[in-house]
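# Tertiary structure, described
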Amino acid sequence: MTIEARYAAAEAAAYGDFVRRFPAYATTTAVDELRAADYARLDRLGHTYLDYTGGGLYAESQLRRHHELLAGRVLGNPHSLSPTSLASSELAKEAREAVRRFFHAPEDEFAIVFTPNASGALKLVGEAYPFVPGGVFLLSYDNHNSVNGIREFACRKGAAATYIPVREEDLRLDEEQVRTALRGAGRGGEAGAPAKLFAYPAQSNFSGAQHPLDWVAEAHDLGWDVLLDCAAYAPTNRLDAAAIGADFIPISFYKLFGYPTGSGCLIARREALARLQRPWFAGGTITLASVQQEDWYHLAPGATGFEDGTIDYLGLPAVTIGIEHLEAVGIDVVHARVHALACWLLEELAALRHSDGKPLVKVFGPRDGERRGATIALYLLDREGRPYDVYDVEAAAARERISVRSGCFCNPGDGEVAHHISRDDMERCFTDPSAAITLLQCQRSIEDKTGNVPNTIRVSLGLASDFADVRRFLVFAESYRDRPAPVPQSG
Ligand SMILES: Cc1ncc(COP(=O)(O)O)c(C=O)c1O
């Protein structure tokens, strides 16, 4: 038997063992054919793409369909009655309907506001939410910075921003603590009571931990509005806006189907959207404005009042195409597939040992497949239990064309808890008299003081992931077995 044949036999055995342990994967083999046809560039160029939480990948057919559509039409700026303008308006309407259908957001209950990305959707909510003194912005530690940033709007308007910490052992929220926090801010919700906004991610983009969606209804009963960040959840989980009932759901489309990149949306309950107070008006958002008195303008109702300027009218047909692509694959198929792959990878990583029996991998967040997505945050550890420099690991992976991510993923809360970084540890980064402390100096200062490295490696799976991808990462991680102690982080 040649080396190649032995290698192929070993890989076949590994695959056989995988499908025996995770038989649900076998129901998703249509994706293998799709990958070969529509994501062929991955294997042709030898890439192992493991950064789907950073950005999804587009199918080549999505590009073809979009370009054919653009090449076959004459499309003008919407907002007018010319045939080219009406054609664009019709395509935007189709995109809105596709979003509604995919996320089950019926028109009488929800508005779909097109935005440049999830952050754009979050900013729309933050800047217009009726925060007042006595009001509260309650949020979990594991929010993305684009949610954390809403506290700037809240605090400037005199509302309190209050965090609920995640537990160190699994980076989950303690359910009792959430309930206590929700009850703690008074009943609210009555006419004239200060508005209260509760924000949490359906899935952490750091740890992959998924939080109960029924907190939305519990929070509503206590008078809260709820912002449920689904940017990291939606690409691999079925999201039913009507069933969940959250007031504000931000989405980035490139995370679902890779293309286009400059497009996202806010799925908003109409009743909650109507209570927002936009801080300005712009082209496209008004029904009427006059220059003869400064407060003469009428904001358009619903989504239109929130879409500043010209919508991305050439990009929106690509959103429809992307959604149709995802519908054809089936979000439940994607879910089953990445769940099986993530569970296998978690088990295999946990089993990796140095020759003296010490663990080679530390996973931050849930260690098994229970209530978690296919996003895995980890360290590779040396025999003394110290992490190999995450940037070196990322660079080593890159040399093998493996795309993983390192850093804090815009999720400081999960990072601070995972790496035991206290308030005091962080303080120098914000109170240093030189006021010129760089990110790397801040990281070094934390590392020197605490011995903890404030960065992490993240592996995340998505629509086109397959067994070979996760197997390659496992083999890569395994190559660290018994390597000498890591070089300290540079900076
Ligand atoms: C959970 C979560 N929320 C919000 C965002 C912001 O998305 P965008 O950068 O597309 O605006 C991200 C991006 O990674 C995310 O993972």
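Residues numbered from 1 in each chain as written. Predicted model: local features only at pLDDT ≥ 70, side-chain atom pairs only at ≥ 80, totals over all residues.

## As for the overall build of the protein chain
When helices and strands are counted, the protein chain shows 20 helices and 15 strands. The C-alpha radius of gyration computed for the protein chain amounts to 24 Å, which stays within 12% of the reference 23 Å derived for 491 residues, consistent with globular compactness. For the C-alpha atoms alone, the extent of the protein chain along its principal axes is close to 80 × 60 × 45 Å. Burial analysis of the protein chain (491 residues in total) assigns 44% to the buried set. Partitioning the intrachain contacts of the protein chain with sequence separation of at least 6 by distance along the chain shows that 73% fall at a separation of at least 24. (Helix = DSSP H or I, 4+ residues; strand = E, 2+ residues; numbered from the N terminus. Rg over C-alpha atoms; globule rule 2.2 N^0.38 Å. Buried ≥ 20, exposed ≤ 12 C-beta atoms within 10 Å, placed from the backbone. Contact = placed C-beta atoms within 7 Å.)

## Some remarks on unusual backbone geometry
That bond from Tyr259 to Pro260 is cis: its omega, 10°, falls within 30 degrees of zero. The topology assignment puts Pro260 in the loop between helix H12 (253-257) and strand S8 (264-269). The backbone of His104 sits at a positive phi, close to 45°, despite the residue not being glycine. Counting through the fold element by element, His104 comes out in the loop between helix H5 (83-103) and strand S2 (110-115). The exposure class assigned to His104 is partly exposed, which follows from the 15 C-beta atoms found within 10 Å.

## Points about the environment of Gly55
You can see Gly55 is positioned in the loop between strand S1 (48-49) and helix H4 (60-71). Using a count of 18 C-beta atoms within 10 Å as the deciding quantity, one classes Gly55 as partly exposed. It is 8.4 Å that separates the C-alpha atoms of Gly55 and Phe257, two residues lying 202 residues apart in sequence. Apart from residues lying up to four places away in sequence, Gly55 is in contact with Tyr254, Lys255 and Gly258.

## Description of the domain arrangement of the protein chain
What the domain assignment lists for the protein chain is domain 1 (3-59 + 330-419 + 454-478) and domain 2 (73-328). Of all the secondary structure elements, the ones that give two or more residues to the side of domain 1 that touches domain 2 are helix H15 (331-351), strand S12 (375-380) and helix H17 (412-418). Ranked by the residues each element gives to the side of domain 1 that touches domain 2, the list is headed by H17, at 6 residues. Across the side of domain 1 that touches domain 2, the residue classes tally to 17 nonpolar, 11 polar and 4 charged. (Domains from an automatic or database assignment. Nonpolar A, V, L, I, M, F, W, Y, C, P; charged D, E, K, R; others polar.)

## Points about the sheet that holds strand S11 (residues 361-364)
Strand order in the open sheet formed by 4 strands is S11-S12-S15-S14, and the pairing between neighbours is antiparallel. Looking at the sheet topology across the chains shown, the edges are occupied by S11 and strand S14 (405-407). The mean inter-strand angle of the sheet, taken between neighbouring strand axes irrespective of direction, is 35°. Alignment of S11 against S12, held across 4 bridges, turns out to be antiparallel. Looking at the pairing, Phe364 lines up with Ala377 of S12. (Pairing = 2+ DSSP bridges. Axes fitted to C-alpha atoms, helices over the stretch in contact; angles between N-to-C directions.)

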